[in-house]
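Coordinate inspection notes
Residues per chain are reported as follows:
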Amino acid sequence: MTADQEARLRLFSDNELLSEAEHFASEFDLPSAQISGLLAFSLGEWSELERFVGHQADRNWQEVRGGEHPTKTFYKEMKKKLTWLREQTAAWGFVPDGLTKNETRDRTSQVAIRIAREFIQHLSAQLLFQKGGR
Amino acid sequence: MNREMAFVRELAMQADTFYSESEGFGRWAARALPGKRAQITGLESIANSSLKISDVLDYLKKQTAKAKAGKEWRQQDKAHKELGHQLITFIRDDLRVKRDAVCNSVGDSTGQGASEFEKQQVFLALIREFVRQVAAQYELGVSGHDG
């Protein structure tokens, strides 16, 4: 990423992703091991993170009081959030015009993982913070 | 006065307005974290090196989460508010108001409103100054020379 794009990513992280993550976290109480897992996958490639979240969302979690396991609900929502995060790469102009389809896809994945990493760092801090108060 | 000097001047003026709050937090930190200078050093380090406000907030959230109930960053005041929680609230809400005051004043005096990037830089500068003041008061508090 260029220096200008890095600066825009920092602004995006402070001005949008932090409040998005805080709002998202307020709905959940994720186990610490799951927070660690999510954080670890956010440090890899976009495809690995996407696969991990998809796998966790599709897993056969035991129902709780006849309803969906809250961790499954979290990952289903996280899957939607990843789609939103990926869309932000275009919305914030992080991917230049004039690239081939494959180049656009690769470039989008490279930027999307950076955005997702920011989001997940804020999300994990907020989830841990909430957990401390419970 | 050029724009950069206008920011420096307004930042200095706003930093003076939260000195008593910084002292209060510094004293509280000295009571909550005696012998834990590394915790304050960590906060100073993050504040001074980070390019994002959210990094400072994330750090405080994680440190507060690690503390045991009623201890260290989770020590409560008389109103049962926790140190870490109150620091986060002060930085996010009170310093944001100070940031807006700096940016509005510079905008008025130079005829050009602050950009989002400038607002972020001002916010970071205010956080650094606040943490510096808290750390100084913490030192005084743990040294036993605080009033």
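**Quick notes on the overall build of chain B**
When helices and strands are tallied, chain B shows six helices and zero strands. The helix and strand sequence of chain B, counted from the amino end, reads α-α-α-α-α-α. Once the C-alpha set of chain B is aligned to its principal axes, its extents read approximately 50 × 30 × 30 Å. Residue burial in chain B is summarised as follows: out of 147 residues, 37% are buried.

**Considerations on the packing of helix H1 (residues 3-17) of chain B against helix H5 (residues 83-110) of chain B**
Residue and element names in this part refer to chain B. At their nearest, the axes of H1 and H5 sit 9 Å apart, and the two run at 145° to each other. In this structure, H1 meets H5 at a crossing whose hand is right-handed. Each of Arg3, Ala6, Phe7, Glu10, Leu11, Gln14 and Thr17 in H1 lies in contact with H5, whose residues at this interface are Lys98, Ala101, Val102, Ser105, Val106, Ser109 and Thr110.

**Structural notes on the nonpolar core**
The biggest cluster of nonpolar side chains holds 33 residues, and the ones touching the most others in it are Ala29, Ile91, Ile127 and Phe130 of chain B. Counting residues per element, this core draws most heavily on helix H6 (residues 116-143) of chain B, at ten residues. Not counting the four nearest positions on each side in its chain, Ile91 of chain B is found in contact with Val56, Leu57, Ile127 and Phe130 of chain B. Membership of the second largest hydrophobic core comes to 31 residues, among which are Leu9, Phe12, Leu49 and Ala116 of chain A.

About the cut-offs
Residues numbered from 1 in each chain as written. Chains lettered and ligands numbered in written order. Predicted model: local features only at pLDDT ≥ 70, side-chain atom pairs only at ≥ 80, totals over all residues. Helix = DSSP H or I, 4+ residues; strand = E, 2+ residues; numbered from the N terminus. Buried ≥ 20, exposed ≤ 12 C-beta atoms within 10 Å, placed from the backbone. Axes fitted to C-alpha atoms, helices over the stretch in contact; angles between N-to-C directions. Left-handed = near helix turned anticlockwise from the far one by under 90°. Contact = placed C-beta atoms within 7 Å. Core = buried A, V, L, I, M, F, W, Y, C linked by C-beta atoms within 7 Å.

Remember, this is a structural readout, not a statement about activity or role.
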